[in-house]
Amino acid sequence: LFDGIYPFYLQQRKAFVFDISTIIVIVVFLMFTCSFLLIIPGIRGRARLYWMFRVLLSLTVGVVIVAVQFTGDWETGWVKANTSYKSFSDALVNVNIGLHVGLAGVNVTLVGNPVNQVNETINYNEQFAWSFNADYDHSYSKGLERGLPSPILYVAEKFTMQSPCGVHRQYRISSHYASATLWVAFCTWLISNMLFSMPVLVYGGYMLLVTGAFMIFSLLSFSTVRNSLMCPIQFGTAILHTGYGGSFWLTLAVGLLCFVGGITVVALHYLNLDVLKTFFDLHEDQTEEYQDMTEVYVNPHFVNKGL
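Everything numeric here is computed off the predicted structure, so don't read it as measured data.

(A) The arrangement of the packing of helix α2 (residues 47-67) against helix α5 (residues 168-197) in detail. Where α2 meets α5, the closest approach of the two axes is 9 Å, and the angle between their N-to-C directions is 160°. The orientation of α2 relative to α5 falls into the category roughly antiparallel. Crossing of α2 over α5 shows left-handed handedness. Contact residues: α2 offers Ser-58, Leu-59, Val-61, Gly-62, Ile-65 and Val-66, while α5 offers Leu-182, Trp-183, Ala-185, Phe-186, Trp-189 and Asn-193. Residues belonging to the contact of α2 with α5 are distributed by class as follows: nine nonpolar, three polar and no charged.

(B) Focus on the sheet that holds strand β1 (residues 75-84). Across the sheet, which stays open at both edges, the five strands sit in the order β4-β3-β2-β1-β7 with antiparallel pairing between neighbours. At either end of the open sheet lies a strand with only one pairing partner, and these are β4 (120-129) and β7 (243-244). Where strand β3 (residues 105-117) lies against β4, nine bridges are found, and the strand directions are antiparallel. Paired with Thr-109 across the strands is Asn-125, a residue of β4. Along the sheet, helix α4 (residues 150-157) contacts β1, β2 (92-101), β3 and β4; its crossing angle with β3, the most-contacted strand, is approximately 160°.

(C) Local environment of a nonpolar patch on the surface. On the surface, Ile-20, Ile-23, Ile-24, Val-27, Val-28, Met-31, Phe-32, Phe-36, Ile-39 and Trp-51 cluster together to form a nonpolar patch covering roughly 940 Å² of accessible area. Element by element, the count of residues in the nonpolar patch is highest for helix α1 (residues 20-39), at nine residues. In this structure, Ile-39 sits in helix α1. Residue Ile-39 is classed as exposed on the basis of its relative accessible area of 52%.

(D) Focus on the pairing of β1. In this structure, β1 lies alongside β2, joined through 10 bridges in antiparallel fashion. Residue pairing for β2: Thr-76 is matched across the bridge by His-100.

(E) Structural view of the side chain of Ser-218. With respect to the helices and strands, Ser-218 occurs in helix α6 (residues 201-223). Other than its neighbours up to four places away in sequence, Ser-218 contacts Ala-178, Thr-181, Leu-182 and Thr-251.

(F) The nonpolar core, seen in detail. Core analysis: the biggest nonpolar cluster contains 57 residues, and Phe-29, Trp-74, Ile-97, Leu-99, Leu-110 and Phe-159 have the highest contact counts within it. No other element matches α2, which puts eight residues into this core. When near neighbours in sequence (up to four residues on either side) are disregarded, Phe-29 contacts Leu-59, Gly-62, Val-63, Val-66, Phe-186 and Trp-189. Leu-201, Val-265, Leu-276 and Leu-282 belong to the second largest nonpolar core, which has six residues in total.

(G) Broad picture of the pattern of salt bridges. Inspection of every chain in the model, using the stated rule, returns three salt bridges. Here Lys-86 ties to Glu-120 by a salt bridge, and the two come within 2.3 Å at their closest N and O atoms. Here the residue Lys-86 occupies a position in the loop between β1 and β2, and Glu-120 occupies one in strand β4, the gap between them amounting to 34 residues. Its salt-bridge partner being Lys-142, residue Glu-145 comes within 3.8 Å of it at the nearest N-O pair. With Glu-145 and Lys-142 both in helix α3 (residues 136-146), this residue pair falls three residues apart, about one helical turn. Looking at Lys-142, the relative accessible area reads 37%, which means it is partly exposed.

(H) Structural context of the environment of Val-265. In this structure, Val-265 sits in helix α7 (residues 246-271). In this structure the C-alpha to C-alpha distance between Val-265 and Gly-205, which are 60 residues apart in sequence, comes to 5.3 Å. Discounting chain neighbours no more than four positions away, the residues touching Val-265 are Phe-196, Leu-201, Gly-205 and Leu-276.

(I) Structural context of the packing of α1 against α2. Axis separation between α1 and α2 bottoms out at 10 Å; the angle between their running directions is 170°. Between α1 and α2, the angle is such that the two are roughly antiparallel. Two secondary-structure elements touch here, α1 through Thr-22, Val-25, Ile-26, Phe-29, Phe-32, Thr-33, Phe-36 and Leu-37 and α2 through Met-52, Val-55, Leu-56, Leu-59, Gly-62, Val-63, Val-66 and Ala-67. A per-class count over the contact of α1 with α2 returns 13 nonpolar, three polar and no charged.

Criteria and thresholds
Residues numbered from 1 in each chain as written. Predicted model: local features only at pLDDT ≥ 70, side-chain atom pairs only at ≥ 80, totals over all residues. Heavy atoms only, no water. Axes fitted to C-alpha atoms, helices over the stretch in contact; angles between N-to-C directions. Helix = DSSP H or I, 4+ residues; strand = E, 2+ residues; numbered from the N terminus. Parallel < 35°, antiparallel > 145°, perpendicular 65-115°, else oblique. Left-handed = near helix turned anticlockwise from the far one by under 90°. Contact = heavy atoms within 4.5 Å. Nonpolar A, V, L, I, M, F, W, Y, C, P; charged D, E, K, R; others polar. Pairing = 2+ DSSP bridges. Patch = residues over 30% accessible without salt bridge, like charges linked within 9 Å, V, L, I, M, F, W, Y side chains within 5 Å. Areas by Shrake-Rupley, 256 points an atom, 1.4 Å probe, with all protein chains shown as cover. Salt bridge = Lys/Arg side-chain N within 4 Å of Asp/Glu carboxyl O. Buried < 20%, exposed > 50% of the residue type's maximum accessible area, 1.4 Å probe, protein only. Core = buried A, V, L, I, M, F, W, Y, C linked by side-chain atoms within 4.5 Å.

So this is what it looks like as structure tokens:
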């Protein structure tokens, strides 16, 4: 102890929106995008535009499905308050407090207003994970040992298993099911791309619809946490309210985009197949309905003998 106050140690910070895993996913998909863009100049005519549109649209769906697994802004909230900074201290600071809930855990952000107050730099961003290989309560205990600021510990304590709020289990299970359904959506997205390349267009459209359905299922799974009673997170007269964040709305937008794309492909298959073939740059001999044998080879020896 230093003057009756736990000392503060420097520790590695974790970004609440983008972390290393998200950056790796984006870089991998950018490499795929650049590879396809190098191929595009070799395609002639309007098919070049169609190829570019299909590839970029498909890669956008894939990168969103994978990237939102690692983002921390499925549910977010901010509040500005005057609150105590340390335990056993009467000093008050003016800070912005942020809560960011992701599928893998919770981030609590504390930024001073201004940053330098009470002879310290107030700029914290702490991660408390609840994934299968992480122990949330253990992370919270480590935060207590490090002597994190009181506002961070107060917010993080609301999500512990021992908290009277009882929201830890609901958030953890809902996030796990949302993550699982998103991985299923990623698998169906891969299958839809395989079917489009075979080409079996109508079944690719069906799998695109299934991809959108599983993305919506993940949103429904995560939204069940809103049905539980959330303990008020209050700092004096200021209350921290949360709402759906960018990752939630991005997943919803891409899921609806999959629905629109799947319905369009299926509708064109039954209403105007020629337009669909043109968009996918298919010739008549490449589609499955034209794969029957159309030529017969006859031995001229038998023809000459009249057999």
